[in-house]
There are 2 protein chains.
Amino acid sequence: MAVTPQESVRRHNLGAVLRYVHLRGATSRAELTSRLGLNRSTIGALAAELAAAGLIQEDTPRASGRAGRPSPVVRANPTGFHAYALSVEPDHLRAARVGLGGEILDSRTTDRPPGADLSATVAVLADLVQRLRAAAPAGVLVGCGVAIAGGAGILGAGLAEALGGDQPPLIGDPAALAALAEHVRGAASGLDDVLYLHGDDGITAGIITGGHVVTGHRGFSGQVGHMIVNPAGRPCRCGSRGCWAAEVRPDEPTADSVRWLGHGVANLVNILNPEAVVFGGTLRALFHAAGDDLRAHLRATALPTSRTEPLLSVAALGEEARLIGAAELAFERVLNDPLSSA
Amino acid sequence: MAVTPQESVRRHNLGAVLRYVHLRGATSRAELTSRLGLNRSTIGALAAELAAAGLIQEDTPRASGRAGRPSPVVRANPTGFHAYALSVEPDHLRAARVGLGGEILDSRTTDRPPGADLSATVAVLADLVQRLRAAAPAGVLVGCGVAIAGGAGILGAGLAEALGGDQPPLIGDPAALAALAEHVRGAASGLDDVLYLHGDDGITAGIITGGHVVTGHRGFSGQVGHMIVNPAGRPCRCGSRGCWAAEVRPDEPTADSVRWLGHGVANLVNILNPEAVVFGGTLRALFHAAGDDLRAHLRATALPTSRTEPLLSVAALGEEARLIGAAELAFERVLNDPLSSA
């Protein structure tokens, strides 16, 4: 066997320490010891190894005046390791360099030329990445994540070639990546059953259940905007009638929009029983304008078992969420096996 | 540390061999070697250890006339290890003894007294289990799984006391457990994104995504029957109007029922992008009567990306599915760590 069992446990523990500080920020060794259930000397050895590889930084705070020596504080090293995160949006293309720890260190946005084909889009994205790269201090690139609706395997292949490197870019649905970002470090931080609803020219969902992103069989889950809620309703551009997004009209916060929003949220709460529902994109404004009405409608239509349960909130990460989620895709590999990338 | 790394790898491998034959049935050592990616001598040692513990049986088939020695065949030992599976249904209470490998070895059913309270229900279930136990040959009990709608933590506690033993019963939603059973050894065997729809006096769903059962935050997911599909529609006993189950009327396979069934399935396919949709309970008859119409309706209303995708089929395990799923809950522990239970 290439990997001995001891080595496998060590890698697991290195990953656990790095993941903790990546997600939670600066953490004392003492807290790591108690949170991860490892003893002090093990945490010390793991931290030393991660620091030697440039993945974390350790500082010893000044004595606080309280008894005892202060515990060294461990934090992810944002400049040592970074990921590129790309987002393909209807009117814009965005690219960001995200440091370990989740901070966006640099970003570039450009208009998306109307009618641009896939190869033109790839070329523009590759150019944005080159510009980020040219401006970046030295550091290890752990990978690239891309938020794009509707799969787009071809884009992935084209980008892999344009970007070079040995890691193909990782593709995710924008709403699913925003849900991931809100779940790991946003409005639903630490909650494992999350429904993220995103409004723009439609409504899409990112679904987290049991801590895992639901992608569906081919990555097409979350098309909640085309849930038919009113068969006698407005025509939708998909060809059906009474689709949720057609009835809600997220950019018009009327009483009718709120009623239809509540309708669909109640349906999804009954189907998925989330702990939290997070409203992003244009639905943020609708929720801000009418959160109380929405709550009342939800209370009246969802089942008694689940209707008072979900926390309702707006997204905390705004338009950055999908970029942060895309970077998380790329960080996953280094968090699972830190020293293989270092 | 109580468990050395080598021991952890060995347990993992023992579990992998046992799980394979538990789910797939009798398997030659040669097939285990290739499927699990372990070498022949490792498989031989693991099989010997599992056989010594009574978890599997090995037979050497007679020479087939082909060259070479026939590979010993490994199968789960159904009489050595068993689980109890209980099902609380509107009119009946059922209990089964299920052998390792998933076969129902014995079962008892009794009417559920109308209006019986929880403690009476617990007493009847405990009596059914006693009768199964009295009729059972010797063997190791690995645990007890219970299919009951709506959570019911109290029932779990009552049953734990009535049944004795050191393992509390594991509770699951009936549709979720039926989905699990169809996923591991039924109509959706080997598929990781499955929507199981069960009709009785309502419609409930068991949802599997990425190979995991979706329970929701409090175990209340899958209430798809109360998805509102027609706000101007029939009143539902939940107090809303136009709930899916109220419109479908699963016991009346009319054109209208089929149309509404297709409506709701299209919604769920757009939300979850499953690889397969499995129809159980009274929906089996509706699907048999009108599967082609359903397919046509689905094709017309689901999104292009997902509408032609899901395999549609009836449940393969019938009314036994929830019992088999409940037993799987109980087997999970021994499959994860075979020798701890032996």
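Residues numbered from 1 in each chain as written. Chains lettered and ligands numbered in written order. Predicted model: local features only at pLDDT ≥ 70, side-chain atom pairs only at ≥ 80, totals over all residues. Heavy atoms only, no water.

According to the domain assignment, chain A contains domain 1 (5-76), domain 2 (81-175 + 322-341) and domain 3 (187-316). Using only C-alpha atoms to locate each centre, domain 1 of chain A and domain 3 of chain A end up separated by 39 Å. (Domains from an automatic or database assignment.)

Moving on: helix α11 (residues 321-336) of chain A. Residues three or four positions apart in an α-helix share a direction because the helix packs 3.6 residues into each turn. All names here are of chain A. Here α11 is 16 residues long and its end C-alpha atoms lie 22 Å apart, about the 22 Å a rise of 1.5 Å per residue gives. When the local axis directions of α11 are compared, the greatest deviation, roughly 35°, occurs at A330. For α11, the tally of buried residues reaches 12 of 16 residues, placing the bulk of the element in the interior. Along α11, the residues that are buried comprise A321, R322, L323, I324, G325, A326, A327, E328, A330, F331, V334 and L335. (Helix = DSSP H or I, 4+ residues; strand = E, 2+ residues; numbered from the N terminus. Expected span 1.5 Å × (residues − 1). Bend = angle between axes of the 7 residues up to and from the residue. Buried < 20%, exposed > 50% of the residue type's maximum accessible area, 1.4 Å probe, protein only.)

Turning next to the pattern of salt bridges. Going through the model one piece at a time under the given rule, you end up with 30 salt bridges over all chains. Note that D127 of chain A is salt-bridged to R131 of chain A, the shortest N-O span being 3.7 Å. Here R131 of chain A and D127 of chain A lie together in helix α4 (residues 118-135), a separation of four residues that amounts to about one turn. Linking D59 of chain B and R75 of chain B is a salt bridge whose minimum nitrogen-to-oxygen distance equals 2.9 Å. Of this pair, D59 of chain B sits in strand β2 (residues 56-59) while R75 of chain B sits in strand β3 (residues 73-76), and the two are 16 residues apart along the sequence. Taking the relative accessible area as the measure of exposure, D59 of chain B reaches 35% and is therefore partly exposed. Among the ionic contacts, a cluster of salt bridges with common partners joins E89, R94, E320 and R322 of chain A. (Salt bridge = Lys/Arg side-chain N within 4 Å of Asp/Glu carboxyl O.)

On to the sheet that holds strand β10 (residues 203-209) of chain A. Residue and element names in this part refer to chain A. Strand order across the open sheet formed by five strands is β11-β10-β9-β12-β13, with mixed pairing between neighbours. In this open sheet, the two strands that pair with only one neighbour each are β11 (212-213) and β13 (311-314). By the bridge criterion, six bridges tie strand β9 (residues 194-199) to strand β12 (residues 276-281) in an arrangement that is parallel. From the neighbouring strand, Y196 faces β12, where its bridge partner is V278. (Pairing = 2+ DSSP bridges.)

For the pair chain A and chain B, the best superposition has an RMSD of 0.0 Å and corresponds to a rotation of 180° with a translation of 0.0 Å parallel to the axis. On the angle and the small slide along the axis, the relation comes out as a two-fold axis. The overlap is high: 100% of the interface residues of chain A also sit at the interface in chain B, so the same surface is used on both sides. (Least-squares fit on C-alpha atoms with pLDDT ≥ 70 in both. Contact = heavy atoms within 4.5 Å.)

Once that is clear, we can look at the nonpolar core. In this structure, L197, W244 and F279 of chain A together with L197, W244 and F279 of chain B are the most contacted members of the largest nonpolar core, which totals 62 residues. Aside from chain neighbours lying at most four places away, what touches F279 of chain B is L197, L261, V265, R284, F287, L294, L312, S313, V314 and A315 of chain B. (Core = buried A, V, L, I, M, F, W, Y, C linked by side-chain atoms within 4.5 Å.)

Chain A puts 40 residues into the contact, and the matching count from chain B is 40 residues. Summed over both partners, the interface of chain A with chain B buries about 3,400 Å², with 63% contributed by carbon and sulfur atoms. Elements with a contribution of two residues or more to the side of chain A that touches chain B: α1 (5-24), β10 and α8 (255-272) of chain A. The element that contributes the greatest number of residues to the side of chain A that touches chain B is α8 of chain A, accounting for seven residues. Here the side of chain A that touches chain B is built from residues that sort into 17 nonpolar, 19 polar and four charged. (Buried area = accessible area lost by both parts, 1.4 Å probe. Nonpolar A, V, L, I, M, F, W, Y, C, P; charged D, E, K, R; others polar.)

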